[in-house]
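Listed below are the residues making up each chain.
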Amino acid sequence: QVQLVESGGGLVQAGRSLRLSCAASGSIVSINAMGWYRHAPGNQRELVAAITGGGTTNYVDSVKGRLTISRDNAKNTVYLQMNSLKPEDTAVYYCNAGVTTNNPLRWNDYWGQGTQVTVAS
């Protein structure tokens, strides 16, 4: 019904940058809050960045000043600009979106399939 497709992951050296994208498609009426989670081996999945429908952003302390979340409502897309990457940023990154859909009409959250970010030390 709703699909979130991620792109932009890869292997980079510490200190470099990546930009992740997550585009939603389907029977979408509107997208409310959107966010990026990450899951590293041995750690729990954590929410690292979120953006509300009104554009308010929030970040986990470990990424403040380095990662920036943004959205393009016309494209149903959320981005994560990742600067000054550190080895501890290595993880699979998942986007999440709270979506109002039709056919049927409902509210729910949906997940991307994940994209690997590896930061070499």
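Look up: the structure comes first, before these words.
Quick summary incoming for the structure in this document. (Residues numbered from 1 in each chain as written. Predicted model: local features only at pLDDT ≥ 70, side-chain atom pairs only at ≥ 80, totals over all residues. Heavy atoms only, no water.)

A closer look at the environment of N73
Phase 1 of the analysis: Within the element layout of this structure, N73 appears in the loop between β7 (67-72) and β8 (77-82).
Phase 2 of the analysis: In this structure the C-alpha to C-alpha distance between N73 and E6, which are 67 residues apart in sequence, comes to 16 Å.
Phase 3 of the analysis: Looking at N73, its side chain comes within polar contact range of the side chain of R71, at 2.8 Å. (Helix = DSSP H or I, 4+ residues; strand = E, 2+ residues; numbered from the N terminus. Polar contact = N/O pair within 3.5 Å; in protein donor to acceptor, adjacent residues only side chain to side chain.)

Let's talk about the nonpolar core
Phase 1 of the analysis: Residues L4, W36, V78, L80, M82 and Y93 are the most contacted members of the largest nonpolar core, which totals 30 residues.
Phase 2 of the analysis: Elements that contribute at least two residues to this core include exactly β1 (2-7), β3 (18-26), β4 (28-39), β5 (46-51), β7, β8, β9 (91-101) and β11 (115-120).
Phase 3 of the analysis: Residues in contact with L80, not counting those within four places in the same chain, are L18, R19, L20, W36, A49, L67, T68, I69 and Y93. (Core = buried A, V, L, I, M, F, W, Y, C linked by side-chain atoms within 4.5 Å. Buried < 20%, exposed > 50% of the residue type's maximum accessible area, 1.4 Å probe, protein only. Contact = heavy atoms within 4.5 Å.)

Concerning the state of the cysteines
Phase 1 of the analysis: Evaluation of the coordinates by the stated rule reveals 1 disulfide.
Phase 2 of the analysis: A disulfide bridge connects C22 with C95, and the sulfur atoms are separated by 1.9 Å. Disulfide C22-C95: torsion about the S-S bond near 50°, hence right-handed. Of the two residues, C22 is situated in strand β3 and C95 in strand β9; the sequence distance between them amounts to 73 residues.
Phase 3 of the analysis: We classify C22 as buried; its relative accessible area is 1%.
Phase 4 of the analysis: Judged by its relative accessible area of 0%, C95 falls in the buried class. (Disulfide = S-S within 2.5 Å.)

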